[in-house]
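# What the coordinates show
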Amino acid sequence: MWRDRLLRAAQLTGSILGALVLASLLATLSQPAHGFGPFFSAFAAKLLAAFGGDFGRGAVTGAPAMAAALAAFPATLQLLGAGAIIALLVGIPLGVFLSASRTLRAAAPLMQIIAAMPVFVAALALIWIAVRVLHWSEASQTSALSWTTLVKSGDWSAALHAFALPALTVGVAGAASVQLSLRRAVARAWSAPYRSGLRMMGLGALDIDLRYAVPEVLAALLRDVGEIALALISATAVAEWVFHRDGAAVLFLRSAAFGDWNVAAAILFVFAIIKLAAEFLGLAASWFVAPEEGAA
């Protein structure tokens, strides 16, 4: 068990190093060098500096690249956190209900079609519903405004409209990932061979579920946290672009468009750290929920 955990920790360290290497390669594009030797020297210098948290300076603003990246992340983390809450509140009940009976399981293919819908299409659909059905006439105008600015001004209705649609977009994408992970875990738990043996020993179905199946399902869901986080991050990037929100994802696209690879590399590295940290913490939590499953 401990050997497996040390291996996972080593994999996390290797993944972070890989993210540093990728970010350094991307940042080296900001200083093109002709020939393998000059390019390798520039890349080595970027990599050594990146180990100390120095990704250079932004080509557009001249400010430290990492500082510019971190300044854009609070708005992104707000959207990411709200979307994660919605994803859990919607995805967990949906996954349980779709696994509860044959009738509900018959709707699973339809849910997969909906889950496969591109995130930007879902965002446009939410805008249409907000304007045409809910009559949020200012939804398209307020979406570009800062949520915190609207709150400080006391315009709570506009703040809700500005934040609700992008948060729902992220939450729907996350919920699709959560329910899929949960249904896979429930299917494995209910088809496990130990169930028949425990029934022969006199345990009822509810007792088996509470003692064995629920921890197994929860552990499996925790092990998929990295995959869910990646879905949320991808949806956040799309939501920021569609709803004209100033965040890290939009800054990344702008930096790439202007060739500001130092800032783009810093943002890419922070996104990678968020995903890797979520994956490792979810895995670590699964070890405590179901130690046997985590060691497998």
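The structure under discussion appears in the preceding block.
Residues numbered from 1 in each chain as written. Predicted model: local features only at pLDDT ≥ 70, side-chain atom pairs only at ≥ 80, totals over all residues. Heavy atoms only, no water.

## Quick notes on the side chain of Thr76
Rule in force here: Elements are defined by DSSP. Helices are runs of H or I of four residues or more, strands are runs of E of two residues or more, and each kind is numbered from the N terminus. Within 3.5 Å is the distance limit for a polar contact, defined as a pair of N or O atoms, with the added protein rule that one can donate a hydrogen and the other accept it, and that residues adjacent in sequence qualify only through two side-chain atoms.
On the secondary structure map, Thr76 appears in helix H3 (residues 65–98). Within the structure, the side chain of Thr76 is placed 2.7 Å from the backbone nitrogen of Ala248, a separation counted as a polar contact.

## Let's talk about helix H13 (residues 248–257)
Rule in force here: Exposure categories follow from relative accessible area, calculated using a 1.4 Å probe and restricted to protein chains: below 20% of the type maximum is buried, above 50% is exposed, and the middle band is partly exposed. Residue contacts are counted whenever heavy atoms from the two residues lie within 4.5 Å of one another.
Those residues of H13 that fall on the buried side of the exposure criterion are Ala248, Ala249, Val250 and Ser255. If you follow the buried residues of H13, they end up packed against H3, helix H12 (225–242) and helix H14 (261–289). Taken from the residues just after H13, Gly259 is the one with a positive phi, measuring 70°.

## Examining the pattern of salt bridges
Pairs can form between side chains of opposite charge once their charged atoms are near each other. Here is the rule: We define a salt bridge as a contact between a side-chain nitrogen of Lys or Arg and a carboxyl oxygen of Asp or Glu at a distance within 4 Å.
For the coordinates displayed, the defined rule picks out four salt bridges. Here Arg184 makes a salt bridge to Glu227, at a shortest N to O gap of 3.7 Å. Within this pair, whereas Arg184 is found in helix H9 (residues 156–190), its partner Glu227 is found in helix H12, the two being separated by 43 residues in sequence. You can call Arg184 partly exposed: its relative accessible area is 31%. For Lys275, the salt bridge goes to Glu279, with nearest N and O atoms at 3.2 Å. Residue Lys275 and its partner Glu279 are located together in helix H14, separated by four residues, close to a single helical turn. For Glu279, a relative accessible area of 33% gives the class partly exposed. One continuous salt-bridge network, built from bridges that share partners, spans Arg184, Asp224 and Glu227.

## Quick word on the nonpolar core
When a protein is soluble and globular, its nonpolar side chains tend to lie buried together. We count it as follows: Among buried residues, those of type Ala, Val, Leu, Ile, Met, Phe, Trp, Tyr and Cys that are joined through side-chain atoms within 4.5 Å constitute a nonpolar core.
If you look at the biggest cluster of nonpolar residues, it comprises 49 residues, and the most contacted ones within it are Phe55, Ile267, Phe269 and Phe271. Elements with a minimum of two residues in this core: helix H1 (2–28), helix H2 (36–51), H3, H9, helix H11 (205–223), H12, H13 and H14. Top element by residues in this core is H9. It accounts for 10 residues. If near-sequence neighbours (up to four positions away) are discounted, Ile267 is found in contact with Ala69, Phe73, Ala248, Leu251 and Phe252.

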